[in-house]
2 protein chains.
Amino acid sequence: MSAVKVTIIGAGSVVFSLGLVKDLCLTGDLKGSEVCFMDINEERLDVITRLAQRYAEDLGSDLRFTSTLDRAESLQDADFVINTATITHNEYFMKRRREMAAEHGYFYGHTGMPEYHNLQLMLDVAKDVERICPEAWILQAGNPVFSGTTLMGRETEVKVCGLCHGHYGYHHVAKTIGLDPDKVTWQAPGLNHNIWLTHFFYEGQDAYPVLDRWIEENIQQYWEDHKTSGISAQLSPSAIMQYKLYGLFPIGDTPRSGGWWFHTDLETRARWYGAGGGGDTPEGRDRILKGKEEKYAKMKAAAYDVDVRPVTLFGDQKTREQHIPIIDALVNNNEYRAQVNVMNNGALAGVPDDVAVEVPALVNQVGIQPLRVEPLPNKILLECIYPSWLRMEQTLEALLSGDKSMMLYGVLESHQTRSFDQAMEMLEALVDIEPNEPMAYIEDIHDHYGWPDNWDL
Amino acid sequence: MSAVKVTIIGAGSVVFSLGLVKDLCLTGDLKGSEVCFMDINEERLDVITRLAQRYAEDLGSDLRFTSTLDRAESLQDADFVINTATITHNEYFMKRRREMAAEHGYFYGHTGMPEYHNLQLMLDVAKDVERICPEAWILQAGNPVFSGTTLMGRETEVKVCGLCHGHYGYHHVAKTIGLDPDKVTWQAPGLNHNIWLTHFFYEGQDAYPVLDRWIEENIQQYWEDHKTSGISAQLSPSAIMQYKLYGLFPIGDTPRSGGWWFHTDLETRARWYGAGGGGDTPEGRDRILKGKEEKYAKMKAAAYDVDVRPVTLFGDQKTREQHIPIIDALVNNNEYRAQVNVMNNGALAGVPDDVAVEVPALVNQVGIQPLRVEPLPNKILLECIYPSWLRMEQTLEALLSGDKSMMLYGVLESHQTRSFDQAMEMLEALVDIEPNEPMAYIEDIHDHYGWPDNWDL
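Counting from 1, residues in each chain are numbered in the order their sequence is written. Here chains are named by letter from A upward and ligands by number from 1 upward, in the order in which they appear as written. A pLDDT threshold of at least 70 governs which residues receive local features in this predicted model, and a stricter bar of 80 or more applies before side-chain atom pairs are shown or counted, although totals over entire chains, interfaces and linings include all residues. Excluded from the side-chain calculations are hydrogens and water; all other atoms, namely the structure's heavy atoms, are used.

1. With respect to the interface of chain A and chain B
Using the following cut-off: Residues are treated as being in contact if the distance between any of their heavy atoms lies within 4.5 Å. What counts as buried area is the accessible surface, traced by a 1.4 Å probe, that two parts surrender upon association, with contributions from both included. Should a side-chain nitrogen of Lys or Arg be within 4 Å of a carboxyl oxygen of Asp or Glu, the pair is scored as a salt bridge. Polar contacts, as used here, are pairs of N or O atoms within 3.5 Å; protein pairs need one atom able to donate a hydrogen and one able to accept it. Residues neighboring in sequence count only if both atoms are side-chain atoms. What counts as a helix is a DSSP run of H or I of at least four residues, what counts as a strand is a run of E of at least two, and both are numbered from the N terminus. Charged means Asp, Glu, Lys or Arg here, nonpolar means Ala, Val, Leu, Ile, Met, Phe, Trp, Tyr, Cys or Pro, and polar covers whatever is left, Gly included.
Taken together, the contacts link 43 residues of chain A with 43 residues of chain B. Contact between chain A and chain B buries roughly 3900 Å² in total, counting both sides, with carbon and sulfur atoms accounting for 64%. A salt bridge links A:K379 to B:D403; its shortest N-O distance comes to 2.7 Å. There are 16 residue pairs in polar contact (both at pLDDT 80 or more) connecting chain A and chain B. Those elements giving two or more residues to the side of chain A that touches chain B turn out to be α8 (208–225), α9 (237–246), α10 (266–273), α14 (378–401), α15 (404–413) and α16 (420–432) of chain A. Examining the composition of the side of chain A that touches chain B, we find that eleven residues originate from one element, α14(A), more than from any other. In terms of residue class, the side of chain A that touches chain B is made up of 21 nonpolar, nine polar and 13 charged.

This is how it looks when you write it as structure tokens:
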């Protein structure tokens, strides 16, 4: 049992923070540790800090909670830095941006514009870690994990591991087709949000035939039954189509994206993701925002309301998030099998060494040890992995070079762009939009990008 | 002086054959050589054979001309195989296909469908060469040179060199801005139809400043002056925009392609390629077809009309095509500087070894010796070279695997595709269209491609 300092950047995150607090409180071997919350939003920072303290009281956990608005301060003596911070994934900001994109002819914000602001934030945090606590691990929770993990891994000497929960999609698949997820042996490597079920065993037998039979016999009925409640993307027509195309089942966020042709408008979304078009639609996202607001209200109650105890509201079970078990494994040798995003260095054949891949890993005191997995089929490499790798390279070069015309290229590559002029107008609007939270270096990003001279012909 | 056997496959080609015949007749050191014409079109084969014989008479050239409809026969004892054959680049076929694509909503045939038939033809020829005359060089003249040269280089042991004349665009640039092209020292490496002027010297000085000044002062007037006669793509607004974006001037066929957004419709083409939209429009292509028909009529006259002598009609000057000078250099050590497409093997940094690059080469009895050139800028690699490399890899995998859904991916990737269904319909129509010339293995190609089971959802 070792006490460590865990710093959580962007601790006000509704998605991550509560789960992290629960897992910390429920991980006995981390007792005596300090958890330092950092956020630029004072109100949210106070909510999560008080909630954590009261939760620890409920569970009798021996943890010390501190908080600060100052990032550099939060990193002093940190052993682990969990970065959940985001600028452009803020729900209110995404909504504003989505609506603005719609005015320019783009459905659901499919503008081809990568999350430069978030990437710059990740790089800034990693450089601070390199300077202030160079031995610390960064566990990257905020998106975009694929390009961000690659960026931090290339531009700093810091130990970086990107984490996502999408791979639990295999769980949903197994359960739906009648298999006990806990008895499944599986493997789904790739790039983050782009992973493929290469191995799927149930009690020693290949479970793909069971999946095939279930699809053959039950998928139409399944879709019919879930018409009103909504089909999860994991078993949507889009997922089945991708499975037919590639021969391996797409897992987690993989079937949420796929080709541009699944996402052109509401009607098309409804065809591929069920009635209403699923979660990645303006209405679906409004439901998510509403859910987050409700959850935040509960978090506030659990933080301040003397009549409410956090454990009553949020229970005493661990989440399935990987951050705290990974820390526990590294620090206390409580061995853990994780699905991680780390620099490739040979784990996944066909992908360059300096690109972050998502692969299974064994974590213990030795470290985060990625498994060298089986190669993916050529077709998946050529149509799914390499295009995504190339977009990532274009994104990082645009960010690091500050060449605005490379940002334009991204917008031009969107299949919803119809003309050069439309792309120019969309780009200008995207660059000019301000995030909801004021952050100093946003200005730097805006100043960063220069146009070629004589842009207009 | 050595006598060799040069076999020309697809000898009926109006674009290439006359020039090859002229260059052969005018290359003294090849005297005593046999030129074997092969084509599947008996009429055209007879025209070129008779024309060549009469031309040789006019010029007193000591060459022997034979002809055959049988490819295997033509390859017996061949030292050089110039492959100009094409299935889908036939003008009549392209016109039919263009019109059909237009009915499906695609302007100028931008369907995203690669030239699988031509690639299969190249591979068949290369395999025949490997079997019948394994020491022969293939000089590949027909398109697509980039993917075809790569394909033949990977799938056979044959010596392959792809050739194009697009790089002479530097000549046009130099002349237009007032420099003597013969005094220019230049370099423009890349992939075929995707080459960039990395070096441009005039009488020992960097000539880029001269080009910049000319653009600044004269380009608007130049466009105005050429409104009626037509602007060449080499100095079109599209070329200037690409130059501004990438910092290097795009050469030859490079500014003819560029981004999809230059080619969406006639109006857009007119903006980027001048009034009428330039050569790559239905009308522009009809003009090219008319020109070819007129040239073929002249070739026929020169072949059969006793009152017409070839030398009177076509002169006695060599062309600038590289095929015969390369043969002359390899056989007779008449050293020649060429621009060739060969397997990379380190000539162009950042591109895999087993991909055909277009680079300068020194040719003599030692062989075709590519120069290891300076690396291209990252931005050109990321936005021009790698996307083209990736499309090539997808194309070859689709061809070699026979997976029709990979052909569909190509159509879906076209920026003129608006929906999945449109792509499916366009693909089916493209697969069903028959080339103008009957060729046995077309059937093989059609049979080759299988759909995944249960394609329809």
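2. Concerning the pattern of salt bridges
The full count for this structure, using the stated rule, is 45 salt bridges over all chains. In this structure, a network of salt bridges that share partners links the residues A:K95, A:R98, A:E99 and A:D286.

3. With respect to the relation of the copies chain A and chain B
Comparison of the two chain copies shows a relationship of rotation about an axis with a shift along it. To keep things clear, this is the line we draw: Copy-to-copy alignment: least squares on C-alpha atoms, limited to residues at pLDDT 70 or above in both.
When chain A is fitted to chain B, the residual RMSD is 0.0 Å, and the transformation amounts to a turn of 180° plus an axial shift of 0.0 Å. Overall, the copies show the geometry of a two-fold rotation axis. It is A:H415 whose C-alpha, among those of chain A, lies nearest the rotation axis, at 3.1 Å. Interface overlap between copies: 100% of the residues of chain A at the interface are likewise at the interface in chain B, consistent with a symmetric, same-surface contact.

4. Here's the deal with the sheet that holds strand β11 (residues 205–206) of chain A
All names here are of chain A. What counts here: Any two strands between which DSSP finds at least two bridges are classified as paired.
Taking strand neighbours across the sheet as the criterion, the three strands line up as β7-β10-β11 in an open arrangement whose pairing is antiparallel. Since the sheet does not close on itself, it has two edges, and those belong to β7 (184–187) and β11, each with one partner. Sheet topology note: the strand β10 (residues 199–202)/β11 ladder contains two bridges and is antiparallel. Looking at the pairing, Y202 lines up with Q205 of β11.

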